[in-house]
Amino acid sequence: MIPFLDLKKINKQYRKELIDACREVIDSGWFVLGKHVSKFEKDFAEYCGVNNCIGVANGYDALSLTLRAWKHLGKLKEGDEVIVQANTYIASILAITENNLVPVLVEPDTDTFNLTTKNILASLTSKTKVILPVHLYGQISPMIEIKNIAESNDLLILEDCAQSHGSQIQSKKCGAWGDAAAFSFYPGKNLGALGDGGAVTTNDLELATVIRAMGNYGSEKKYENTYRGVNSRLDEIQAAMLSVKLKYLDQELFKRRDIASKYLSEIKNSLIQLPFSENEHSHVWHLFVIRIENRELFIEHFKKSKIGLLIHYPIPPHLQLAYLNFFSQELPITESIHNSVISLPISPVMTDREIKKVISACNSFKG
Ligand SMILES: *Cc1c(COP(=O)(O)O)cnc(C)c1O
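Quantities reported herein were computed from a predicted structural model and do not represent experimental measurements.

A word on the environment of Leu310
Okay, so step 1: Along the chain, Leu310 falls in the loop between α11 (295-304) and α12 (332-340).
Okay, so step 2: If we skip the residues at most four places from it in the chain, Leu310 touches Phe4, Ile342 and Ser343.

See below:
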């Protein structure tokens, strides 16, 4: 069996270092907001090329706390509109509605699955205040164009980088393009902790200061509460795990790109639509997503070949029960994407033999 994602094998590569780092935290007796979180924040800010990184409990909180902080700073108010692509993971949209802001769902580009300037421009209203580009499946959104739109319309940009750690345009990484960016370190993400974790990156020191306090009960000084905050902190143990794994992130991205380029050049089947990437640096291949009309038959075929597959995602957010009677837009492109996508295994620990097996299973699919 080729698993879709073998987290055991991924973390086993760094087993000794992870255990040593874990032991250090245990022996220190200090588990929340200490030197491991500070070190990881500094290293990850440097990796992304930004001035500030704030560790939080998960990727969702990174999105939600940023919007909350902007409300606190008077940059947003309830009812303001946030432009986001309709085919994202539901977390991006839940973070908007939790803050009583209005998600304006936009159809994505059918090749990149990301926002397009044309569709953003068509969705602008006098209430639009934020563009929330999700660098879906690991591919960075067209940030130069999005920045231009934001500048000429006085909008904020919040990047959702949960799937795209390290992707870049002209050597500027995701997380450094927007006014702020949200990262997830959920175990299965390209930079994964051994539990939940997340971070906000930003060059805005004022925003960083508010988010840091917001995630620590609104406290800047122990037992003094400036804001009505929440508890959303990155654990010392998870920060220590992430510092180990950050050292190997680029190496793992290299491996993912190598597998993607093999899939792109060796999968030859007219029934399969392969993914598109602008260039080598723009995509970090968190997921390798193909499109196929007769998805059920393909899933059967892969089951027989003993290869794991997943669908990201089977139901779009606007059709989830959670948002029953909430959205009224027609989103045919998004719905057709959700009905035809399949994610092939693409993990940095796959062997050449496994990669070849996936390719030949794709090529032998007859529909
Ligand atoms: C994983 C993910 C999130 C949420 O991250 P968590 O750490 O699971 O809270 C948000 N947006 C996208 C696009 C994601 O893939």
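Quick look at the state of the cysteines
Okay, so step 1: In the structure shown here, the tally under the stated rule is zero disulfides.
Okay, so step 2: Here Cys53 is not cross-linked by a disulfide; its sulfur's nearest cysteine counterpart is in Cys48, at 7.0 Å.
Okay, so step 3: For Cys174, which is in no disulfide, the shortest distance to another cysteine sulfur is to Cys161 and amounts to 3.8 Å.

So, the nonpolar core
Okay, so step 1: Formed by 44 residues in total, the largest nonpolar core has its most connected members in Trp70, Leu132 and Leu158.
Okay, so step 2: Setting aside its immediate chain neighbours within four residues, Leu158 contacts Leu63, Thr66, Leu67, Trp70, Val130, Ile131, Leu132, Pro133, Ala180, Ala181 and Ala182.
Okay, so step 3: With 39 residues, the next largest nonpolar core counts Ile83, Cys161, Ala176 and Leu253 among its residues.

Brief notes about unusual backbone geometry
Okay, so step 1: Here the amide bond leading from His312 into Tyr313 is cis, since omega sits at 10 degrees, within 30 degrees of zero.
Okay, so step 2: By secondary structure assignment, the location of Tyr313 is in the loop between α11 and α12.

A few points about the site of the ligand
Okay, so step 1: Every residue near the ligand is listed here: Asn58, Gly59, Tyr60, Tyr89, Ala91, Ser92, Val134, Asp160, Ala162, Gln163, Ser184 and Lys189.
Okay, so step 2: At 2.8 Å from a nitrogen atom of the ligand is found a side-chain nitrogen or oxygen belonging to Asp160.
Okay, so step 3: Between the ligand and the protein, one listed contact pairs an oxygen atom with a side-chain N or O atom of Gln163 at 2.8 Å.
Okay, so step 4: Relative to its free-state accessible area of 380 Å², the ligand is covered by the protein chains to the extent of 90%.

Looking at the sheet that holds strand β5 (residues 156-160)
Okay, so step 1: Reading across the sheet, the seven strands line up as β1-β9-β8-β5-β4-β2-β3 and stay open at both edges, with mixed pairing between neighbours. At either end of the open sheet lies a strand with only one pairing partner, and these are β1 (52-56) and β3 (102-106). For this sheet the average axis-to-axis angle between neighbouring strands, irrespective of direction, equals 25 degrees.
Okay, so step 2: Where β5 lies against strand β8 (residues 180-184), three bridges are found, and the strand directions are parallel. Its bridge partner being in β8, Leu158 is matched across the sheet by Ala180.

Focus: the environment of Gln273
Okay, so step 1: The topology assignment puts Gln273 in strand β12 (residues 272-273).
Okay, so step 2: Counting along the chain gives 95 residues from Gln273 to Gly178, while the straight-line C-alpha distance between them is 31 Å.
Okay, so step 3: Those residues in contact with Gln273 that sit more than four places away from it in its chain are Thr110, Asp111, Ile290 and Arg291.

A few points about helix α8 (residues 205-214)
Okay, so step 1: Of all the residues in α8, the buried ones are Leu207, Ala208, Val210, Ile211, Ala213 and Met214.
Okay, so step 2: Where α8 is buried, its residues touch β1, α4 (59-72), β8, β9 (198-202) and β10 (219-221).

Looking at the confidence of the model for the protein chain
Okay, so step 1: When pLDDT is averaged along the protein chain, the result is 97, and 100% of the positions lie at 70 or above.
Okay, so step 2: Looking at the elements of the protein chain, mean pLDDT is at its lowest for β10, recorded as 92, and at its highest for β8, recorded as 99.

Here we look at the packing of aromatic side chains
Okay, so step 1: All told, the structure shown has 15 aromatic pairs when counted by the stated rule.
Okay, so step 2: Look at Tyr263 and Phe288: their rings are 4.9 Å apart centre to centre, the planes differ by 80 degrees, and that puts the pair in the edge-to-face class. Taken together, the residues Tyr263 in helix α10 (residues 249-266) and Phe288 in strand β13 (residues 288-292) connect sequence positions 25 residues apart. Each member of the pair, Tyr263 as well as Phe288, carries the same accessibility label: buried.
Okay, so step 3: Across from the ring centre of Trp177, 4.5 Å away, lies the NZ or CZ of Lys172, which sits over that ring.
Okay, so step 4: When the ring centre of Tyr47 is taken as origin, the NZ or CZ atom of Lys173, which lies over that ring, is 4.3 Å away.

Examining the sheet that holds β12
Okay, so step 1: Read across the sheet, three strands follow the order β12-β13-β14 without closing on themselves; strand pairing throughout is antiparallel. The outermost strands of the open sheet, each flanked by one partner alone, are β12 and β14 (341-344).
Okay, so step 2: For β13 and β14, the ladder comprises four bridges, and the chain directions are antiparallel. Pairing of Phe288 across the sheet is with Leu344, part of β14.

The rules we used
- Residues numbered from 1 in each chain as written.
- Predicted model: local features only at pLDDT ≥ 70, side-chain atom pairs only at ≥ 80, totals over all residues.
- Heavy atoms only, no water.
- Helix = DSSP H or I, 4+ residues; strand = E, 2+ residues; numbered from the N terminus.
- Contact = heavy atoms within 4.5 Å.
- Disulfide = S-S within 2.5 Å.
- Core = buried A, V, L, I, M, F, W, Y, C linked by side-chain atoms within 4.5 Å.
- Buried < 20%, exposed > 50% of the residue type's maximum accessible area, 1.4 Å probe, protein only.
- Near = heavy atom within 4 Å.
- Polar contact = N/O pair within 3.5 Å; in protein donor to acceptor, adjacent residues only side chain to side chain.
- Areas by Shrake-Rupley, 256 points an atom, 1.4 Å probe, with all protein chains shown as cover.
- Pairing = 2+ DSSP bridges.
- Axes fitted to C-alpha atoms, helices over the stretch in contact; angles between N-to-C directions.
- pLDDT = per-residue confidence, 0-100.
- Phe/Tyr/Trp six-rings, centres within 6.5 Å; stacked < 30°, edge-to-face > 60°.
- Lys NZ or Arg CZ within 6 Å of the ring centre and 35° of its normal.

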